[in-house]
Amino acid sequence: MTSVFISFEGIDGAGKSSHIESLADRFRAAGRAVTVTREPGGTPLAEKLRAMALNDPMDALTEALLMFAARRDHLVQVIAPALARGDVVLCDRFTDATFAYQGGGREFDWNVLSQLEQMVQRLDIELVQPDMTLLFVLDPRVAAERLAGARVPDKFESQPVEFFRRVAAGYDRRAHQHPQRFSRIDADQPRLEVWNEVVRAVQARKWLT
Ligand SMILES: Nc1ncnc2c1ncn2[C@@H]1O[C@H](COP(=O)(O)OP(=O)(O)OP(=O)(O)O)[C@@H](O)[C@H]1O
Ligand SMILES: Cc1cn([C@H]2C[C@H](O)[C@@H](COP(=O)(O)O)O2)c(=O)[nH]c1=O
């Protein structure tokens, strides 16, 4: 079977996580082997790097380097082997999050991030990228309301709405740079309608009927 690599992106609280397991179940019901994973994280080493990046104060370059170090380990240990097996890989965030959060939110140099992307995601001669990125779009104020009281906020979730406006602008910039890869999901709808949009986006690529 041909592998499929789908990433899920959006500002914190946009509602993407609720749909990843449901999509995994749809693919499994269609007979596909599915690897569900997340970034930063997905391997023991990358989960340790996640704990530092999400909790410890640090400058933007340090943060970006931790994200890319975690990504390299995750790519080599989990994503590349799963794609080689022909799995469907569903990943809760990938490199677009680095451009959005460190590039947009932290206003770190976009060109340096592009250089790191080229270095970290190259395996043999191929640059590994998702086949499709589902971008959950929600106003940062609504996302903050949804998150309020839902869980103890980490370093990113504690940022002000202005930070998330820059993150959203970072995602928009990435989506303009990769229009074929991105599918925008209107996350400001009841959960079932968001889910229906997710399924339609995947069906449009002919990966599900
Ligand atoms: N369509 C929806 N309408 C209202 N509330 C929602 C909707 N989808 C999710 N939520 C709620 O919003 C909160 C955030 O959802 P969720 O954790 O799925 O977001 P997320 O995008 O994965 O966030 P993060 O990236 O920070 O983990 C949760 O409390 C969830 O129950
Ligand atoms: C991959 C990646 C993630 N982040 C941020 C985005 C979120 O605030 C957290 C991850 O938490 P989630 O509940 O699992 O979504 O990390 C980032 O800043 N840069 C990245 O590359």
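Before any of the text, the structure's been laid out above.
Remember, predicted model here, so these are calculated numbers, not experimental data.

**Student:** Break down the site of ligand 1 for me, citing the residues and quoting the values.
**Tutor:** Neighbouring ligand 1 are 15 residues; G15, K16, S17, S18 and R151 lie closest to it. A distance of 3.2 Å separates an oxygen atom of ligand 1 from a polar backbone atom of A14. Protein chains shield 77% of the accessible area of ligand 1, which is 640 Å² for the free molecule. Across the shell around ligand 1, the residue classes tally to three nonpolar, five polar and seven charged.

**Student:** How would you explain the side chain of Q189 if you had to name every residue and give the values?
**Tutor:** Residue placement: Q189 occurs in the loop between β7 (182–186) and α8 (191–204). Only 2.8 Å separates the side chain of Q189 from the backbone oxygen of D186, close enough to count as a polar contact. Within polar-contact distance, the side chain of Q189 engages the side chain of E197 at 2.8 Å. Filtering out sequence-adjacent residues up to four positions away, Q189 remains in contact with R146, V194 and E197.

**Student:** Describe the sheet that holds strand β6 (residues 132–137), and please don't skip the residues or the numbers.
**Tutor:** Taken in spatial order, the five strands of this open sheet run β2-β3-β1-β6-β7, and their pairing is parallel. In the strand order of this sheet, the two ends are held by β2 (34–38) and β7, each with one partner. Put simply, the sheet's adjacent strands are angled 20° from each other on average, direction ignored. Examined bridge by bridge, strand β1 (residues 4–10) and β6 share five bridges and lie parallel to one another.

About the cut-offs
- Residues numbered from 1 in each chain as written.
- Chains lettered and ligands numbered in written order.
- Predicted model: local features only at pLDDT ≥ 70, side-chain atom pairs only at ≥ 80, totals over all residues.
- Heavy atoms only, no water.
- Near = heavy atom within 4 Å.
- Polar contact = N/O pair within 3.5 Å; in protein donor to acceptor, adjacent residues only side chain to side chain.
- Areas by Shrake-Rupley, 256 points an atom, 1.4 Å probe, with all protein chains shown as cover.
- Nonpolar A, V, L, I, M, F, W, Y, C, P; charged D, E, K, R; others polar.
- Helix = DSSP H or I, 4+ residues; strand = E, 2+ residues; numbered from the N terminus.
- Contact = heavy atoms within 4.5 Å.
- Pairing = 2+ DSSP bridges.
- Axes fitted to C-alpha atoms, helices over the stretch in contact; angles between N-to-C directions.

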